[in-house]
Amino acid sequence: MSKTLIIGASGQIGKMATKLLLENEQNVVALVRDKSKLRDLDSPFLSIVEQDLEGDFSSAINGCDQVIFAAGSGGSTGTDKTVLIDLWAATKAATYSKEHGVKHFIMVSSIGADDPDAIDSDLKPYLVAKHMADEHLIHSGLNYTIVRPGTLTDESASLEVTTERPSDQSKAKISRENVANALLHVATNSFNSNRIFELFDGDKPIKAAIK
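Residues numbered from 1 in each chain as written. Predicted model: local features only at pLDDT ≥ 70, side-chain atom pairs only at ≥ 80, totals over all residues. Heavy atoms only, no water.

J.: How should I be thinking about the pattern of salt bridges in this particular structure?
T.: Oppositely charged side chains are able to pair whenever their charged atoms sit close together. All chains considered together, the criterion is met by seven salt bridges. Ionic pairing is found between Asp134 and Arg148, a salt bridge with its closest N-O pair at 3.0 Å. Of the two residues, Asp134 is situated in helix H3 (residues 124-138) and Arg148 in strand E6 (residues 144-149); the sequence distance between them amounts to 14 residues. Owing to a relative accessible area of 0%, Asp134 belongs among the buried residues under this scheme. Judged by its relative accessible area of 8%, Arg148 falls in the buried class. The residue Arg165 makes a salt bridge to Glu198 at a minimum N-O spacing of 2.4 Å. A residue pair is termed long-range when its members are at least 10 positions apart, and Arg165 in the loop between strand E8 (160-162) and strand E9 (173-175) and Glu198 in strand E10 (residues 195-201) qualify at 33 residues. On the accessibility criterion, Glu198 (14% relative accessible area) is buried. (Salt bridge = Lys/Arg side-chain N within 4 Å of Asp/Glu carboxyl O. Helix = DSSP H or I, 4+ residues; strand = E, 2+ residues; numbered from the N terminus. Buried < 20%, exposed > 50% of the residue type's maximum accessible area, 1.4 Å probe, protein only.)

J.: When you look at the packing of aromatic side chains in this model, what are you seeing that I'm missing?
T.: The geometry of an aromatic ring pair is captured by two quantities: the separation of the ring centres and the angle between the planes. Applying the stated criterion across every chain yields a total of one aromatic pair. Between Phe57 and Tyr96 the ring centres are 5.0 Å apart and the planes differ by 85°, which places this aromatic pair in the edge-to-face class. On the criterion of sequence distance, the pair formed by Phe57 in the loop between strand E3 (46-50) and strand E4 (66-69) and Tyr96 in helix H2 (residues 79-99) is long-range, its members being 39 residues apart. Across this residue pair, the class does not change: Phe57 and Tyr96 are buried. (Phe/Tyr/Trp six-rings, centres within 6.5 Å; stacked < 30°, edge-to-face > 60°.)

J.: How should I be thinking about the sheet that holds strand E2 (residues 27-32) in this particular structure?
T.: In sheet architecture, strand pairing relies on hydrogen bonds along the backbone and comes in two forms, parallel and antiparallel. Across the sheet, nine strands lie side by side as E3-E2-E1-E4-E5-E6-E10-E8-E11; this open sheet has mixed pairing. Both edges of this open sheet fall to E3 and strand E11 (204-205), since each of them pairs with a single strand only. Examined bridge by bridge, strand E1 (residues 3-7) and E2 share five bridges and lie parallel to one another. Opposite Thr4, over in E2, you have Val28 as the bridge partner. Strands E1, E2, E3 and E4 of the sheet are contacted by helix H1 (residues 12-23), whose axis makes an angle of about 165° with E1. (Pairing = 2+ DSSP bridges. Contact = heavy atoms within 4.5 Å. Axes fitted to C-alpha atoms, helices over the stretch in contact; angles between N-to-C directions.)

J.: Which parts of the structure should I look at to understand the pairing of E6?
T.: Every regular strand shows the same layout, with side chains that alternate between the two sheet faces. Counting buried positions along E6 gives six out of six residues, so the element sits mostly inside the fold. Neither face of E6 is left uncovered, since the one carrying Tyr144, Ile146 and Arg148 and the one carrying Thr145, Val147 and Pro149 both have all their residues buried. For strand E5 (residues 104-108) and E6, the ladder comprises four bridges, and the chain directions are parallel. Considered in E6, the bridge of Ile106 is made with Thr145. With five bridges joining them, E6 and E10 adopt parallel strand pairing. Counterpart to Ile146 in the pairing with E10 is Ile196.

This is a description of form; function is not addressed.
Here it is in C-alpha cells:
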C-alpha cells in the first residue's frame with residue numbers, strides 16, 4: 001500500500017489533509033517540528049517524524065512513494081523565513097524526493113506564483129519564493145501536481161470548487177477545508193500527466209473540477 005509523506009502536517013491545511021487521508025485509511029508519515037501539535041491524532045495508519053525543515057530532513061522520505069508539501073512560514077514571519085521554508089525547504093523536498101524515487105509530488109503553492117511581477121503588494125517576496133520552488137519542482141524530473149489556491153479562508157468545506165479564476169477578484173478565494181479535500185482527491189487518484197492548476201471555491205464537486 002502506498003505511503004504519503006505530508007510536510008507541514010501540523011499547519012492548518014497540512015493537518016486537515018492528514019486527518020482526511022487517515023480517515024480514508026491511507027498510510028501517512030507526518031513530518032513536523034513539534035509532534036505535540038499532532039497529539040490529538042490517533043491512527044494505526046499514522047507515523048510521526050519530528051524534524052526541522054531548515055536542516056536535512058531527507059530521511060523522512062524513506063519508504064514513501066508520495067509527498068505533499070504543505071509547509072509555510074506563516075503570515076507573522078519575515079522574509080528570511082519565507083526564503084528558508086517556502087523556497088529552500090520546498091526545493092530540498094523535491095530534490096530529496098527525486099533521490100528517493102518518489103512517484104508523485106504534490107506542491108501547495110499560491111495564486112500569483114506563476115507571475116509574481118503581476119501583483120503589486122507586500123506578498124511579492126512570498127510569491128517569488130513560491131514561483132522559484134514551483135520551477136524547481138517542474139524541472140526536477142518528478143511526476144508532480146502543483147495546486148495554486150486563491151485567498152484562503154476559514155469557511156467550512158463546501159466540497160465544490162473551480163479551477164477557473166473568477167473575474168471578480170473578491171471571489172478568488174477558497175476555504176482551507178476545500179483545499180485539504182482537493183489534496184485528498186489528488187493524493188488518492190492516479191493521473192497520467194503533470195498538472196498545475198489554480199483552485200477556488202466554486203460550483204463543481206471536487207472530482208468533477210479536478211479531472
